[in-house]
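# Summary of the model geometry
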Protein chains: 2
Amino acid sequence: MGYRVAVVGATGAVGREMLKILAEQEFPVKTIAALASSRSVGREISFGDAVVKVANLETFDFSGWDIALFSPGASVSARYAPIAAKAGCVVIDNTSYFRMDPDVPLVVPEVNPESLKQMKRRIIANPNCSTIQMVVALKPLHDLFVLKRVVVATYQAVSGAGKQGMDELFTQTRGSFVHDPPQVECFQKQIAFNCIPQIDRFMEDGSTKEEWKMQVETRKILDPNVQVFATCVRVPVFIGHSEAVVAEFAKPVDLKKAREALRQAPGVILFDRNEDGGYITPIDCVGENASYVSRLRIDPTVPHGLAFWCVSDNLRKGAALNAVQIAEKMKDLGLLSQ
Amino acid sequence: MGYRVAVVGATGAVGREMLKILAEQEFPVKTIAALASSRSVGREISFGDAVVKVANLETFDFSGWDIALFSPGASVSARYAPIAAKAGCVVIDNTSYFRMDPDVPLVVPEVNPESLKQMKRRIIANPNCSTIQMVVALKPLHDLFVLKRVVVATYQAVSGAGKQGMDELFTQTRGSFVHDPPQVECFQKQIAFNCIPQIDRFMEDGSTKEEWKMQVETRKILDPNVQVFATCVRVPVFIGHSEAVVAEFAKPVDLKKAREALRQAPGVILFDRNEDGGYITPIDCVGENASYVSRLRIDPTVPHGLAFWCVSDNLRKGAALNAVQIAEKMKDLGLLSQ
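Residues numbered from 1 in each chain as written. Chains lettered and ligands numbered in written order. Predicted model: local features only at pLDDT ≥ 70, side-chain atom pairs only at ≥ 80, totals over all residues. Heavy atoms only, no water.

### Observations concerning empty space enclosed by the protein
The following threshold applies: Here a cavity denotes a set of grid points, spaced 1 Å apart and computed over the protein atoms alone, in which a 1.4 Å probe fits but from which it cannot get out, and a pocket denotes an open set meeting protein on both sides within 12 Å along at least five of seven lines; residues with an atom within 4 Å of a point are reported as lining. Grid points are joined across faces, edges and corners, and a volume is the space filled by probe spheres set on the points. Secondary structure is summarised from DSSP: a helix means a run of H or I of at least four residues, a strand means a run of E of at least two, and numbering begins at the N terminus for each.
The full count for this structure, using the stated rule, is four cavities of 30 Å³ or more. Here the largest cavity defines a volume of roughly 80 Å³. Taken together, V151(A), V152(A), A153(A), T231(A), A244(A), V246(A), V151(B), V152(B), A153(B), T231(B), A244(B) and V246(B) form the lining of the largest cavity. Of all the elements in the fold, those that place two or more residues in the lining of the largest cavity are β8 (147-155) and β10 (241-249) of chain A together with β8 (147-155) and β10 (241-249) of chain B.

Below you can see the structure in the form of structure tokens.
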């Protein structure tokens, strides 16, 4: 009993987390394959108590495999996800490549599980990390008060840029203690002891692609009528994205009802005490599954305004966990053949 | 020719910067006094090429001194600023204590120099660092389009909490390389590789006092009709505050006119290229005087919306430089007796 599951991009930061979560969450795995590019072939990585040898994505035969969790680069997904899907495998892809394809559901299981049924290409897209944690927190508030507009500023961890990003922060920080000049490779400027207001490339209107993603993905997942204006910033944090979210609703906001709804919402943990340290910070959320909401307060400068601070482990709910939860939800909805 | 100038809190991060700027800016100083609490008496600190011995604030006689630049704690200013003022000295106070006193002008020389003439208690207040850089950037835009509302999220450097804050980031960061458990003293949680959504204490409505300051100070300096909603966050950066500013205006916004106005505005440097790295980050602004504006773009989610990224050296324009510029402006306006 169980599924044959392939993890693509298994040696990356998200790929490793996928293997870890598949083992932890007791998703019924019959056989596991860890796939990566040819240069990683033969490396051993752990899956629960077992050890798996990395196989070559380029020559892998997906026939007979049930699920493939993809987290390589967008160009690799563009090429291999359709191959896996054609072989009969359901692909849950963590890259941005298929997200805005109208035939590909973009899914956060707590928010829009029903859209899984609209799958047409046997490909499901996993949203951007900064989008996921925000829509999980906004969903119960949207149900209550009808969301109109969100202004969000992000504080995004370097692990959003993968292991390379983490290495760059580590190396630059250590170097600063011995006066090594910082090597800038992964990010556009020094990230150690700095903030960089650019994630992904610039678009014509002056926004970055990450900011654009937060807008279009939130609309596709939550509600096409919602307006999102984002400023996305990389900060010298290893794991855990934070967001200062300022929302405007169509209906009057009741703070008590908002708190109650957030307390009961799946995937959300409300931790909000009006006192020193009474909130969640990135280092508090590492290894955890929830989208944490703190500092919930009325924004009195606009009708029906409500603001909060949202923190989540970007490698887990922001990526690997959400992908595994999509697989679980598909199983529960009878969308996976076995 | 020149003024007798006392710097109070001379051993702190801002006090040292005040001495440095007084020397650099060629403000006409005839005599300098460096004052601090009794435990720092006798310490030597530099003033340009000279060395000054720290004298005791508690026993200092301000009679005959022209200007006192205060940057001790708020409680020290509360006690000693009125003593200095009564002795005939003009006090420019960097603490929060007098800022909202209706008889005390709160001044950013590029924005509201005329309010210096309303001085009644011989005390001028220097605004909060995060307010100063924002209002300098907003002023030319307000003049063009009439500002209505600002949503701002800050990325504030640890030096905003003084030398102690810088030491804590340094020590915690170094400790993380040798697995020393982080000592949390100055901030509410670990600041190394983390973001803390709390600056100053919590207020009843769920805002922090820093967030409240940005609102009430912006109104007092720029326009009482402007609404400000702030989320203030401490980040692991030594020097340089950043702000993601999203503004709404009463009149239609023209991006070209906005750029032109920012290019000509005193105290502002527009550095904004729609390309990788085409913006200013905290480490770029250290030791500089301007409020830097980057990533200027239309916010299409609201009528007449305009957003930008604003960075400035919080110890200079955010504190010491602005205080010295106030003194210079008073001199130019003939408000300093000599």
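Anyway, onward from the coordinates.
### Things to note about the pattern of salt bridges
The test is simple: For this analysis, a salt bridge means a side-chain nitrogen from Lys or Arg found within 4 Å of a carboxyl oxygen belonging to Asp or Glu. Only protein chains enter the area calculation, which uses a 1.4 Å probe; residues under 20% of their type maximum are buried, those over 50% are exposed, and those in between are partly exposed.
This structure, assessed with the given rule, holds 36 salt bridges over all chains. E17(B) is the salt-bridge partner of K20(B), the closest N and O atoms lying 3.7 Å from each other. Taken together, the residues K20(B) and E17(B), both in helix α1 (residues 13-24) and three residues apart, mark about one turn of the helix. On the basis of relative accessible area, K20(B) is assigned to the partly exposed category, the value being 43%. According to the relative accessible area criterion, E17(B) is buried, its value standing at 11%. Overlapping salt bridges bring together R149(A), E248(A), D299(A), R149(B), E248(B) and D299(B) as one network.

### Here's the deal with the nonpolar core
The condition is simple: In this description, a nonpolar core means a group of buried Ala, Val, Leu, Ile, Met, Phe, Trp, Tyr and Cys residues linked to one another through side-chain atoms lying within 4.5 Å. We call two residues contacting when some pair of their heavy atoms lies within 4.5 Å.
Membership of the largest hydrophobic core comes to 93 residues, with the highest contact counts inside it found for L22(A), I67(A), L69(A), I92(A), L22(B), I67(B) and L69(B). Every residue in contact with L22(B), bar those within four places of it in the chain, is listed here: V5(B), V7(B), F27(B), V29(B), I32(B), F47(B), L69(B) and V324(B).

### Some details on the domain arrangement of chain A
Residue and element names in this part refer to chain A. We count it as follows: The split of the chain into domains comes from an automatic or database domain assignment. The term buried area refers to how much accessible surface (probe radius 1.4 Å) is lost by two components on association, counted for both of them together. Under this definition, polar contacts are N or O atom pairs within 3.5 Å; protein pairs additionally need one hydrogen-donor-capable and one acceptor-capable atom, and for neighbouring residues in sequence, both atoms have to be side-chain atoms.
Split into domains, chain A comes out as domain 1 (3-126 + 319-332) and domain 2 (130-314). Inter-centroid distance (C-alpha atoms) of domain 1 to domain 2 is 25 Å. When domain 1 packs against domain 2, close to 1500 Å² is buried across both sides, 66% of that on carbon and sulfur atoms. Contact with domain 2 buries area across many residues of domain 1, yet M100, E110 and V111 alone supply 35% of it, more than any other trio. Counting across the interface, domain 1 meets domain 2 through one salt bridge. Salt-bridge contacts for E217 lead to R99; the nearest nitrogen and oxygen are separated by 3.0 Å. Here domain 1 is connected to domain 2 by five residue pairs in polar contact (both at pLDDT 80 or more).

### A look at the sheet that holds β8(A)
Hydrogen bonds between backbone groups are what pair the strands of a sheet, and the pairing can be parallel or antiparallel. Residues and elements named next belong to chain A. Under the convention used in this document: In this analysis, strands are considered paired if DSSP registers two or more bridges between them. Note on geometry: axes are lines fitted to C-alpha atoms, helical ones only across the stretch in contact, with angles between N-to-C directions running from 0 to 180 degrees.
Reading across from one edge, β9-β8-β10-β13-β12-β11 is the order of the six strands in this open sheet, with mixed pairing throughout. Both edges of this open sheet fall to β9 (227-231) and β11 (268-270), since each of them pairs with a single strand only. Taken pair by pair, the neighbouring strands of this sheet meet at an average axis angle of 25°, ignoring direction. The sheet strands contacting helix α3 (residues 129-145) are β8, β9, β10, β11, β12 (291-299) and β13 (305-312), and the helix crosses β10 at an angle near 30°. Together, β11, β12 and β13 form the strand contacts of helix α6 (residues 255-264), whose direction differs from that of β12 by roughly 170°.

### A look at the relation of the copies chain B and chain A
Keep this limit in mind: Only residues with pLDDT of at least 70 in both copies contribute their C-alpha atoms to the least-squares superposition of the copies.
Overlaying chain B with chain A gives an RMSD of 0.0 Å, the required rotation being 180° about an axis along which the chain moves by 0.0 Å. Within this description, the copies of the chain are treated as partners about a two-fold rotation axis.

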